[in-house]
Amino acid sequence: MIAKALALVGDIGGTHARFALVEKGSVALLETRILKCSDYAGPQAAVADYLAGVSVPVTEACFAIAAPVVGHTVAMTNNHWHFDTQALQQAFGWHRFRLVNDYTAMALGVVHVPGHKLVPVGALAERQPGPLLIMGPGTGLGMSALIPAHPGWVPLATEGGHVDFAPSDDTESQVLDYLRAQFGRVSVERLLCGGGLLNLYRALATIKALPATLTTPEQVTAAAVNGSSDLARQTLERFCKIMGQVAGNATLTLGSFGGVYLCGGILPAILPFFLSSGFRGEFENKGRMRPLLAATPVWVVQDPLTGLYGAAAALDQAWVTKLL
């Protein structure tokens, strides 16, 4: 039985809310639990449910959220939760409550992921000197970075998943036209997330004049992996190649030649397919900059608790938005 006061950490995404308890100064997670966001009206109900199952005082909290962290009102980007942080803090009597962007927390968390949960993409497996890129497709496309700073790292919060999609061939130009007719402006997140995979599948079906019989991202990935649908296989291959293009662009922009960590729920679920895909070739396909990308290691992060490690690390970071 845990007896002393601990801090509550959370990682709230578009689909799941993960919670755990930690001691101050530690990223060792206790009483970890994963909840479905769709089962709750908002974070207050989810937190109350979680805390009902632990017998320990909680005096402060830090949540990683899949939304921009600005002011006291939070509207989640990819789920229905909308809440006031001051009201949430008062409801539970926390003396301190902090929020960080989910991929800022993911960035802080990757340095605490055990080595056996990092799968190299390509021959390089050793981190290099320099900034690190952290990105990944899930309910949305998250992106962050770590900048070396004595004595550790400074995370960089970004909304890089919302940059413009830039087609690299005629097929992708047709995909862009298809998506532009639906959405107007087309960001890379419109393709590189669960819903984006379905967008891409439907676009390719229209371009090739084929029936789009699959209706969920899970059906597309399953049919691609088991070989039951050539259209699904082409879709997932294109998804991986576009991921490589976007990761390479972000690496050049941020100078993150120390390494790239690919997070989120999609890639670990299709890992053998992804490792044999065109991702690495497109990642390095940057003309005169190819040698820089070829020397940049990439890993798939297989630890679903990475964001919670980052939220725990963020508890005492001075740069984190503090909500008094």
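Preceding this paragraph is the structure being described.
One structure accompanies this document, and this report is about it. (Residues numbered from 1 in each chain as written. Predicted model: local features only at pLDDT ≥ 70, side-chain atom pairs only at ≥ 80, totals over all residues. Heavy atoms only, no water.)

1. Overview of the pairing of strand 2 (residues 16-22)
Heads up, the condition is: Think of it in three bands: with a 1.4 Å probe and only protein chains considered, a residue is buried below 20% of the maximum accessible area for its type, exposed above 50%, and partly exposed in between. Secondary structure follows DSSP: runs of H or I at least 4 residues long count as helices, runs of E at least 2 residues long count as strands, and numbering of each begins at the N terminus. DSSP-based pairing: two strands are paired if at least 2 bridges between them are found.
The element strand 2 is largely enclosed, with a buried count of 6 among its 7 residues. The antiparallel pairing of strand 1 (residues 6-12) with strand 2 creates a hairpin that spans 3 residues between the two strands. With 5 bridges connecting them, strand 2 and strand 3 (residues 30-36) associate as antiparallel partners. Within strand 3, the residue paired with R18 across the bridge is I34.

2. As for the nonpolar core
Let me state the cut-off plainly: What makes a nonpolar core is a set of buried Ala, Val, Leu, Ile, Met, Phe, Trp, Tyr and Cys residues whose side-chain atoms join them at distances within 4.5 Å. The contact rule is simple, with two residues in contact once any of their heavy atoms fall within 4.5 Å.
Counting 48 residues, the largest nonpolar core has M135, L191, L192, F239, L262, F274 and F279 as its most contacted members. Per-element accounting of this core gives the leading share, 10 residues, to helix 7 (residues 230-254). Each residue touching L192, except ones within four places of it in the same chain, is listed here: P137, G140, L141, F239, I242, M243 and V246.

3. Description of the side chain of N79
Heads up, the rule is: Counted as a polar contact is a pair of N or O atoms within 3.5 Å, where, for protein atoms, one must be capable of donating a hydrogen and the other of accepting one, and residues adjacent in sequence contribute only when both atoms are in side chains.
Mapping N79 onto the fold places it in the loop between strand 5 (73-75) and strand 6 (82-84). Accessibility expressed as a relative area gives 15% for N79, which makes it buried. For N79, the side chain forms a polar contact with the main-chain oxygen of G13, separated by 2.9 Å. At a separation of 2.7 Å, a polar atom in the side chain of N79 contacts the main-chain amide nitrogen of W81. Not counting chain neighbours up to four residues away, the residues in contact with N79 comprise G13, G14 and C37.

4. Quick word on the pairing of strand 10 (residues 141-149)
Both faces of the sheet carry side chains from a regular strand, because those side chains alternate between them. The pairing of strand 9 (residues 132-137) with strand 10 spans 6 bridges and is antiparallel. Its bridge partner being in strand 10, L133 is matched across the sheet by A145. The hairpin turn running from strand 9 into strand 10, its antiparallel successor, is 3 residues long. Where strand 10 and strand 11 (residues 152-157) come together, 6 bridges link them in antiparallel fashion. Looking at strand 11, one finds that A145 is bridged to L156. In this structure, the hairpin formed by strand 10 and strand 11 is closed by a connection of 2 residues.

5. Some remarks on a nonpolar patch on the surface
To keep things clear, this is the line we draw: Two joining distances apply to patches: 9 Å for like charges and 5 Å for nonpolar side chains (Val, Leu, Ile, Met, Phe, Trp, Tyr), and every residue must have over 30% relative accessible area and no salt bridge. Here the accessible surface of atoms and residues is derived via Shrake-Rupley with a 1.4 Å probe, and residues count as covered only by protein chains that are part of the display. The rule for a salt bridge is simple: a side-chain nitrogen of Lys or Arg has to be within 4 Å of a carboxyl oxygen of Asp or Glu.
Where nonpolar side chains cluster on the molecular surface, the patch consists of I147, V154 and L156 and spans about 200 Å² of accessible area. With respect to the helices, strands and loops of the structure, L156 is situated in strand 11. With a relative accessible area of 35%, L156 lands in the partly exposed category.

6. What to know about the pattern of salt bridges
Inspection of every chain in the model, using the stated rule, returns 10 salt bridges. A salt bridge links R238 to E172; the nearest nitrogen and oxygen atoms lie 3.0 Å apart. With R238 in helix 7 and E172 in helix 4 (residues 170-183), the pair connects residues that are 66 residues apart, well separated along the chain. Across the pair, E172 and R238 agree in class, each one buried. Between E284 and R280 there is a salt bridge, and its shortest N-O distance comes to 2.7 Å. On the criterion of helical spacing, the pair formed by E284 and R280 is a turn pair, its members being 4 residues apart in helix 10 (residues 279-284). Put simply, K24, E60 and R96 are held in one network by salt bridges that share partners.

7. Some words on the environment of L8
Summarising the element assignment, L8 is placed in strand 1. As a C-alpha pair, L8 and C62 span 54 residues in sequence and 6.5 Å in three-dimensional space. Setting aside residues up to four positions removed in sequence, L8 forms contacts with F19, A20, L21, V47, Y50, V58, E60, A61, C62, F63 and W94.

8. Brief notes about the packing of helix 3 (residues 102-110) against helix 12 (residues 306-314)
Note the threshold: Only C-alpha atoms enter the line fits that serve as axes; for helices the fit covers just the stretch in contact. Angles between N-to-C directions range over 0 to 180 degrees. When describing relative orientation, an angle under 35 degrees is termed roughly parallel and one over 145 degrees roughly antiparallel, while 65 to 115 degrees is termed roughly perpendicular and anything else oblique. In this classification, Asp, Glu, Lys and Arg are treated as charged, Ala, Val, Leu, Ile, Met, Phe, Trp, Tyr, Cys and Pro as nonpolar, and every other residue, Gly included, as polar.
For the pair helix 3 and helix 12, interaxial distance at closest approach is 6 Å and the crossing angle is 90°. With respect to helix 12, the axis of helix 3 lies roughly perpendicular. Listed contacts from helix 12 to A105, M106, L108, G109 and V110 of helix 3 are T306, G307, Y309, G310, A311, A313 and A314. Classifying every residue of the contact of helix 3 with helix 12 by side-chain character gives 8 nonpolar, 4 polar and no charged.

9. A look at the packing of aromatic side chains
Spelled out, the test is: Here the aromatic set is Phe, Tyr and Trp, taking the six-membered ring for Trp, and pairing holds for ring centres within 6.5 Å; pairs whose planes are under 30 degrees apart are stacked, those over 60 apart are edge-to-face, and all others are tilted.
Throughout the structure, instances matching the rule amount to 9 aromatic pairs. Measuring from ring centre to ring centre gives 5.6 Å for F19 and Y50, while their planes differ by 35°; the resulting arrangement is tilted. Note that F19 is positioned in strand 2 and Y50 in helix 1 (residues 43-51), a separation of 31 residues in sequence. Owing to a relative accessible area of 0%, F19 belongs among the buried residues under this scheme. Residue classification places Y50 among the buried residues on the basis of a relative accessible area of 2%. Here the aromatic rings of F274 and F279 are separated by 4.9 Å at their centres, their planes lie at 45°, and the arrangement is tilted.

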